[in-house]
Amino acid sequence: MNLSERDRQAIWHPYTQMQLAEPPLAIVRGEGVYLFDDTGKKYIDAISSWWVNLHGHAHPYLAQKVSEQLKKLEHVIFAGFTHEPAVALAERLLDILPANQSKIFYSDNGSTAVEVAIKMAIQYWRNKRFAKNKIIAFEHAYHGDTFGAMAVSARSGFTHAFTELLFDVIRIPYPAKGIEQESMDELKSQISNQQTSIAAFIFEPLVLGAGGMLMYDVAILNQLIKYCNDHDIITIADEVMTGFGRTGKHFASDYLERQPDIICLSKGITGGTMPLGVTSCTQDVYAAFLSDDRDKTFYHGHSYTANPVACAAAIASYDLLIKDECQQSISRIATSHAGFIKKNQGNPRLKNLRSVGTILAMDSETSEPTSYFHSLRDRLYHFFLEQGIILRPLGNTIYVMPPYCITDDELCYVYEAIEKYSDSQK
Ligand SMILES: Cc1ncc(COP(=O)(O)O)c(C=O)c1O
């Protein structure tokens, strides 16, 4: 049996209808921006392997640092114990996070980073003796697949089976161009109706990722945050996707005038090497949990919290991220994306061309409305695979979110493949 056949015997894949799915591609190695399958064919990983990879695959520096840490300390319980990689990483994160962030709470993926944020916000108010437990979130939001994260995410095909079990969320329109005021008005009206019960507002800053790479303006986010600040509502930036340079700055929150109270991080944090989640918060949030009363303790933790190898990977990724070379690549990719948009502005088959930093997105025009379940998805996916490019469209929405080591030539190759697809639809 080859690897794909052995896989079929033993494995159940995520986000995959196993009865309909073709055998998965067997990837045997990675190098830089490329992944190689078991026939030797190479693919440009233009979506950074579910948005996690920053510096390329099998990066020698990351491999070296992970291997050194493995030989020193692979894991230790994080309640009552600490270790150098966890402390050093927290110090580095606090150096580059917005200045109001004061404490780092570790977990092990993006969904848990969000669960922690939601629980922190709700218990913050409980510890202060306020009965506030409602959350405001955007339509089309995606915050993860655990129950709390699903609850604050949009109700969609992903959550149908669980609808009745998900707690109610106050939903406001995401502030797309032209309907910013609608979003603001809805926030105001919801707050005026139930301010005393609203604990927090959670949002993906500047880009709603899995919801379709929907981008919106920083100015309206500033206004929404200010309004929440003025009405004692905790703001939570879910930067699981946007963190670590994706939007052109270290964090999308760096574009904001008012900083969020809580920030969720994961994905790129280890450069795509190891699972790790972080929820950072202000001193004010942290202080609400300090008490002689043990009931005010934050009773949350995971077995692999602050895993030393994951922290070492994250420190190594941070070292690479802050180098001029990496920062220049981020700007270079952003400029390239803008060039692609300019060139294709009048292309009737590529609609809603948009970009922020290293994220480029567009909708392939058809008579069907844009959706994750759009029938074009599989056709697009296979077309790009045949060209040796991994792009995993969200329905008919094509997006490019490459590792920062991608060269101009490789980017051009990806753009040309998109244009070739568009031409084939004439
Ligand atoms: C904004 C955002 N939050 C949370 C998550 C969940 O992260 P994970 O898949 O690591 O649980 C994702 C994943 O795509 C995401 O994009």
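All of the points below concern the structure found in this document. (Residues numbered from 1 in each chain as written. Predicted model: local features only at pLDDT ≥ 70, side-chain atom pairs only at ≥ 80, totals over all residues. Heavy atoms only, no water.)

1. Observations regarding the packing of aromatic side chains
Moving on, step 1. For the structure on display, the rule yields 23 aromatic pairs.
Moving on, step 2. Relative to Y372, the ring of F158 has its centre 4.8 Å away and its plane inclined at 85°; by these criteria the two rings are edge-to-face. Here F158 is found in the loop between α6 (147–152) and β6 (170–172), whereas its partner Y372 is found in the loop between β14 (359–364) and α12 (376–386), with 214 residues between them in sequence.
Moving on, step 3. The exposure class of Y372 is partly exposed, given its relative accessible area of 27%.
Moving on, step 4. Plain terms: the ring middles of F384 and Y421 are 6.3 Å apart, the flat faces sit at 45° to each other, and that makes the pair tilted. Placement of F384 in helix α12 and of Y421 in helix α13 (residues 408–424) is noted, with a sequence separation of 37 residues between them.
Moving on, step 5. Judged by its relative accessible area of 0%, F384 falls in the buried class.
Moving on, step 6. Overall, the relative accessible area of 3% leaves Y421 in the buried class.
Moving on, step 7. An aromatic cluster of at least three residues, connected via ring pairs, comprises Y15, W50, Y142, F158, Y372 and F373.
Moving on, step 8. In this structure, K132 is placed above the aromatic ring of W125, and the distance from its NZ or CZ to the ring centre is 4.3 Å.
Moving on, step 9. The ring of Y255 carries K249 above its face, with NZ or CZ at 4.9 Å from the centroid. (Phe/Tyr/Trp six-rings, centres within 6.5 Å; stacked < 30°, edge-to-face > 60°. Helix = DSSP H or I, 4+ residues; strand = E, 2+ residues; numbered from the N terminus. Buried < 20%, exposed > 50% of the residue type's maximum accessible area, 1.4 Å probe, protein only. Lys NZ or Arg CZ within 6 Å of the ring centre and 35° of its normal.)

2. Quick look at unusual backbone geometry
Moving on, step 1. Located in the positive-phi region is M213, a residue other than glycine, with phi close to 50°.
Moving on, step 2. For M213, the position within the fold is in the loop between β8 (207–208) and β9 (214–215).
Moving on, step 3. Of note, the phi angle at N352 is positive, near 50°, even though the residue is not glycine.
Moving on, step 4. In this fold, N352 is placed in strand β13 (residues 350–356).

3. With respect to the sheet that holds strand β2 (residues 34–37)
Moving on, step 1. One open sheet accounts for 4 strands, arranged β1-β2-β3-β15; its pairing is mixed. Across the chains shown, the open sheet's two edge strands, defined by having one partner strand only, are β1 (27–31) and β15 (389–390). (Pairing = 2+ DSSP bridges.)

4. Some details on the pattern of salt bridges
Moving on, step 1. In this structure the tally under the stated criterion is 10 salt bridges.
Moving on, step 2. Among the salt bridges present, the one from R29 reaches E31, with a minimum N-O distance of 2.9 Å.
Moving on, step 3. Assessed through its relative accessible area of 48%, E31 is described here as partly exposed.
Moving on, step 4. With a shortest N-O distance of 3.7 Å, E68 and K65 are connected by a salt bridge. Of the two residues, E68 and K65 both sit in helix α3 (residues 60–72), 3 residues apart, roughly one turn of that helix.
Moving on, step 5. On the basis of relative accessible area, E68 is assigned to the partly exposed category, the value being 37%. (Salt bridge = Lys/Arg side-chain N within 4 Å of Asp/Glu carboxyl O.)

5. Regarding the environment of K420
Moving on, step 1. With respect to the helices and strands, the residue K420 is situated in helix α13.
Moving on, step 2. A relative accessible area of 46% means that K420 is categorised as partly exposed.
Moving on, step 3. Considering only alpha carbons, one finds K420 and F384, 36 residues apart in sequence, at a separation of 9.9 Å.
Moving on, step 4. The contacts of K420, once residues within four sequence positions are left out, are F383 and Q387. (Contact = heavy atoms within 4.5 Å.)

6. A few points about the layout of surface pockets
Moving on, step 1. The volume enclosed by the largest pocket comes to roughly 1500 Å³.
Moving on, step 2. Elements supplying a minimum of two residues to the lining of the largest pocket: α2 (48–51) and α12.
Moving on, step 3. Here the lining of the largest pocket gets 5 residues from one element, more than from any other, and that element is α12. (1 Å grid on protein atoms, 1.4 Å probe; cavity = no way out; pocket = protein on both sides within 12 Å on 5 of 7 lines; lining within 4 Å. Points joined across faces, edges and corners; volume = space filled by probe spheres on them.)

7. Describing the side chain of D363
Moving on, step 1. As for its placement among the helices and strands, D363 is situated in strand β14.
Moving on, step 2. A polar contact is formed between the side chain of D363 and the side chain of T397, at a distance of 3.0 Å.
Moving on, step 3. If we skip the residues at most four places from it in the chain, D363 touches R349, L350, K351, N352, R354, T370, N396 and T397. (Polar contact = N/O pair within 3.5 Å; in protein donor to acceptor, adjacent residues only side chain to side chain.)

8. Looking at the pairing of strand β3 (residues 42–45)
Moving on, step 1. Of the strand pairs in this sheet, β2 and β3 are connected by 3 bridges, and their pairing is antiparallel. Its bridge partner being in β3, Y34 is matched across the sheet by I44.
Moving on, step 2. Counting the residues that bridge the hairpin from β2 to β3 gives 4 residues, and of these G40 lies at a positive phi of roughly 95°.
Moving on, step 3. Summarising the sheet, β3 and β15 pair through 2 bridges and their orientation is parallel. Across the sheet, D45 pairs through a bridge with I390, a residue of β15.

9. Overview of the packing of helix α4 (residues 84–96) against helix α10 (residues 308–321)
Moving on, step 1. Relative to each other, α4 and α10 sit at 35°, their axes nearing to 8 Å. The element α4 and its partner α10 pack so that their crossing is left-handed. Contact residues: α4 offers P85, A86, A88, L89, R92, D95 and I96, while α10 offers P308, C311, A312, A314, I315, Y318 and D319.
Moving on, step 2. Class assignment of the residues belonging to the contact of α4 with α10 gives a composition of 11 nonpolar, no polar and 3 charged. (Axes fitted to C-alpha atoms, helices over the stretch in contact; angles between N-to-C directions. Left-handed = near helix turned anticlockwise from the far one by under 90°. Nonpolar A, V, L, I, M, F, W, Y, C, P; charged D, E, K, R; others polar.)

10. Regarding the nonpolar core
Moving on, step 1. Core analysis: the biggest nonpolar cluster contains 98 residues, and Y106, F138, F201, M213, F384, L391 and I418 have the highest contact counts within it.
Moving on, step 2. I418 has contacts with F340, L350, M362, F384, L391, I398 and V400, leaving out every residue within four places of it along the chain.
Moving on, step 3. By size, the runner-up hydrophobic cluster in this structure holds 27 residues, among which are A113, V114, M120 and F298. (Core = buried A, V, L, I, M, F, W, Y, C linked by side-chain atoms within 4.5 Å.)

11. Here's the deal with the sheet that holds β13
Moving on, step 1. Spatial ordering of the open sheet is given by β13-β14-β16, a layout of 3 strands whose pairing is antiparallel. If you trace the sheet from one side to the other, it starts and ends with β13 and β16 (397–400), each paired once. With strand direction ignored, the average angle separating the axes of adjacent strands in the sheet is 15°.
Moving on, step 2. As judged from the 4 bridges shared by β14 and β16, these two strands associate in the antiparallel manner.

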